[in-house]
Amino acid sequence: MLNASRFTQTILLLAVLVVLRSAAACADDAKHEMTRAVDSVRPALVRILVVSVQHEQGRETKSESAGSGVIISPEGYVVTNHHVAGEAEQIVCTLADKRELEAKLIGTDPLADISVIKLVSPNGESFPFAEFGDSSKVEVGDRVFAMGSPYAISQSVTMGIVSNLEMTLPPEFSSEAFTIEGEDVGSIVRWIGHDALI
């Protein structure tokens, strides 16, 4: 009986060691995956400072805001959100190497909450850029990394997982109207806008 008990304890100890080694290997895999992702994208991240002008009741008011973007071409085109740069009068971007460059608004789509800006390079230099991935290959449970400058804080990285490929909201969540520039854009854009600062 004692030998059987020792044998069981030995088996359990071996099982625990295997689980611990497997967990350590998974942690190493996640760290290597994150390092590769950060190394390939971080040089293309920009912090965006925006000055906007509003006219209301005969008054002109200026406001400052900030957000993140990513360079998507060597010419310096940057994709960001409409709520960041869509109404910008002046845009200044801080690159990963800490240089500050002005940018100009190229185009914006309030309903998709997407804007494209272009860095103004004084010497016509090429910029590091990130490439778009294939979203059709994304699966529930995939690890994802959110990189950017939330609240104008210097570049940060957050890790999470894909929890859902389709966002279907029940009627009780879609009763509130949500508008951008007078257009009803629905609950999903409100949900994206809520999480955009993350």
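We now turn to the structure provided with this report. All of these numbers come straight from a predicted model, not from anything done at the bench. Sequence order sets the numbering: in each chain, residues are counted from 1 along the sequence as written. Predicted model: local features are reported for residues with pLDDT of at least 70 only, side-chain atom pairs are reported and counted for 80 or more only, and whole-chain, interface and lining totals are derived from all residues. Heavy atoms throughout the structure, all of them, feed into the side-chain values; hydrogens and water do not.

**Looking at unusual backbone geometry**
Here's step 1: Positioned with a positive phi, Lys 98 is a non-glycine residue whose angle comes to about 80 degrees.
Here's step 2: Helix numbering and strand numbering both begin at the N terminus, where a helix is a DSSP run of H or I of at least 4 residues and a strand a DSSP run of E of at least 2. Within the secondary structure, Lys 98 sits in the loop between strand S4 (88-94) and strand S5 (100-109).
Here's step 3: Even without being glycine, Asp 113 reaches a positive phi, approximately 55 degrees.
Here's step 4: The residue Asp 113 is located in the loop between S5 and strand S6 (114-119) in this model.
Here's step 5: Using a 1.4 Å probe on the protein chains alone, a residue whose accessible area is under 20% of its type maximum counts as buried, one over 50% counts as exposed, and one in between counts as partly exposed. When its relative accessible area of 7% is taken as the criterion, Asp 113 is described as buried.

**A look at the packing of aromatic side chains**
Here's step 1: By convention, a stacked pair of Phe, Tyr or Trp rings (six-membered ring in the case of Trp) has centres within 6.5 Å and planes under 30 degrees apart, an edge-to-face pair has planes over 60 apart, and any other such pair is tilted. Under the counting rule described, the total for this entry stands at 0 aromatic pairs.
Here's step 2: Above the ring of Tyr 77, the side-chain terminus of Lys 118 is found at 5.5 Å from the ring centroid. In this analysis the charged atom, NZ for Lys or CZ for Arg, is taken to sit over a ring once it is within 6 Å of the ring centre and within 35 degrees of the ring normal.

**Section: the pairing of strand S3 (residues 77-80)**
Here's step 1: Pairing between strands is defined by DSSP: at least two bridges between them are needed. When strand S2 (residues 59-71) meets S3, the two strands line up antiparallel, connected through 2 bridges. Bridge pairing links Val 70 to Val 79 in S3.
Here's step 2: Between S2 and S3, which pair antiparallel one after the other, the connecting turn spans 5 residues, and Gly 76 there sits at a positive phi close to 100 degrees.

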